[in-house]
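Each chain, written out:
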Amino acid sequence: MPSSPNVRRHVAIVGAGLAGLSAAHALLKHGHQVTLFEAAAQAGGRARSVTHNTTMLDNGQHLCLGAYSATLDLVKEAGLDAEQIFKRLPLSLHMHNGVQRMSLVTPTWLPAPLHLLWGLLTAQGLDWQSKWRAICWMQQLKQQKFTLAQDLTVAELLAQGTQTSLAVRTLWEPLCLAALNTPIQLASAQVFLNVLCDSFQHKRQDSDFLVFKTDLSSALIHPLLQHIQALGSKVRLRSPVTAIQPSAEGCEVSTTTDTETYDDVIIAVGPHQLKTIRCELAIPAFEYQPITTIYLQYRADTTLPHPMMGLCHGTAQWVFDRGQCCGQHGLLAVVISAHAPWTVDKSALVEQCILEINQALSSYGTQLEDAPLWSQVITEKRATFSCLPAMVRPTTTITSQPQLLLAGDYVAGPYPATIEGAIRSGYAAAQAIVGGPKSNS
């Protein structure tokens, strides 16, 4: 519940992912006392890094957009330098359908949305019918203010917009999978339009891809954790919360070792993790989509023609050259979004990804080596919730228990399950305690 500006509240935050970290930062900035609980040995949640031999790997290849205002605000307010954290790539799509390729490159000298119009007009590998229909559709969406009277699937929206199968396969479907991690036959058209609007309709830089220059933990999570500790937050890693119970004084938070009372509690863990916490809180069940990242380490002089390339002809959807993106030379990260359970073993999956990359590279007259020096397959089974049309997502505040608040990328908001969605939810939860007008929305 909102507090008086002069009342210093003691807030427990359960979960040290980006939702919890952003909530902690906002509360500390307003002078409140924060204790942050995290069950794991490290902060970050699904946005974390792991060690393979001597190489730091992210648990998935993360990508931000220039439109992620809350993310960039958090970086700035925490005293971090966005230019040191992110490599900024102006919108450039290089999509490969076997040996065929589509390239859409937007100029940096044109403002939005003219830069996208120019990119569509000059795109190589798109026929004129595909270009014209895409341009007309974007103009129609602009007139509608990217808002639908009733939500539907992205596939249905594309059919209404008379998009060609070539444009769907090489442009709209890859963008939807990247943004929503949900197949176009299931994905919410309105949420997809929210991302398109924010990316293409305001500033040209909003459509830039922001790739982390180092592993995610080193680039963002550890500096944020150190920052909130410097502001006075207590951080309790390896401290799983077992129960949250309302009391006359506020809320009792129990771990395996102790119980303490707090004025407010922000629950910043995923809905599926709530089953490990005894709490009088009912969250609707969510369906989830996985993301698998296959890391392939080649010799340090191995590079791709572009920092990121789209694959539209098989199992994989994107391949990132982490040498060009973040200085891990010879390391490729192959991303497979929203996939069914694997029916092949990891070695067969690795071979399939190498085959698909080589099919794409054949259009440039090059190939990878016969085999990588090593490979690592990381699957995040609940990477995101399935972003379905008109789905009901819980709100930040809980009417029946005003001392409990929710934060997480699944909480109601305009965005899908992204870093930006998580940070916005953390700010919203903190704002509900601080009171007053929202500074981030």
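Summarised in this report is the structure supplied together with it. What you are looking at is a predicted structure, and each value in this text was computed from that prediction instead of being measured.

Here the focus is the nonpolar core. Counting residues in hydrophobic clusters, the biggest one holds 127 residues, and the most contacted among them are Ile-13, Leu-18, Trp-172 and Ile-266. Ignoring anything within four residues of it in the chain, the contact list for Ile-13 reads Gly-20, Ala-23, Ala-24, Leu-27, Val-34, Thr-35, Leu-36, Phe-37, Ile-266 and Ala-268. Grouped together as the second largest cluster of nonpolar side chains are 20 residues, Tyr-298, Leu-304, Val-350 and Ala-360 included.

We now examine helix α5 (residues 128-143). Under the 1.5 Å per step criterion, the end-to-end length of α5 is 23 Å for 16 residues, consistent within 8% with the ideal 22 Å. Regarding α5, the residues found buried are Ser-130, Lys-131, Ala-134, Ile-135, Trp-137, Met-138 and Leu-141. The arc that holds the buried residues of α5, viewed along the axis, is 165°, so those residues lie on one side. Looking at α5, the residues exposed on the side facing more than 90 degrees away from the buried face are Trp-128, Trp-132 and Gln-143.

Across the sheet, four strands lie side by side as β13-β12-β11-β15; this open sheet has mixed pairing. In the strand order of this sheet, the two ends are held by β13 (259-262) and β15 (278-279), each with one partner. As judged from the two bridges shared by strand β11 (residues 241-247) and β15, these two strands associate in the parallel manner. By the bridge assignment, Ala-243 is partnered in β15 with Arg-278.

In this section: the packing of aromatic side chains. A complete count under the given rule lists seven aromatic pairs for this structure. On the numbers, 4.8 Å between centres and 45° between planes, the contact of Phe-86 with Phe-212 is tilted. Here Phe-86 is found in strand β6 (residues 86-89), whereas its partner Phe-212 is found in strand β9 (residues 209-212), with 126 residues between them in sequence. For Phe-86, a relative accessible area of 5% gives the class buried. Judged by its relative accessible area of 4%, Phe-212 falls in the buried class. With centroids separated by 5.3 Å and ring planes inclined at 70°, the aromatic side chains of Trp-109 and Trp-118 adopt a geometry described as edge-to-face. When the ring centre of Tyr-364 is taken as reference, the NZ or CZ atom of Arg-101 above it lies at 4.1 Å. Directly above the ring of Tyr-288 sits Arg-382, whose terminal nitrogen or CZ lies 5.8 Å from the centroid.

Each value, and the rule that gives it
- Residues numbered from 1 in each chain as written.
- Predicted model: local features only at pLDDT ≥ 70, side-chain atom pairs only at ≥ 80, totals over all residues.
- Heavy atoms only, no water.
- Core = buried A, V, L, I, M, F, W, Y, C linked by side-chain atoms within 4.5 Å.
- Buried < 20%, exposed > 50% of the residue type's maximum accessible area, 1.4 Å probe, protein only.
- Contact = heavy atoms within 4.5 Å.
- Helix = DSSP H or I, 4+ residues; strand = E, 2+ residues; numbered from the N terminus.
- Expected span 1.5 Å × (residues − 1).
- Arc of directions from axis to C-beta.
- Pairing = 2+ DSSP bridges.
- Phe/Tyr/Trp six-rings, centres within 6.5 Å; stacked < 30°, edge-to-face > 60°.
- Lys NZ or Arg CZ within 6 Å of the ring centre and 35° of its normal.

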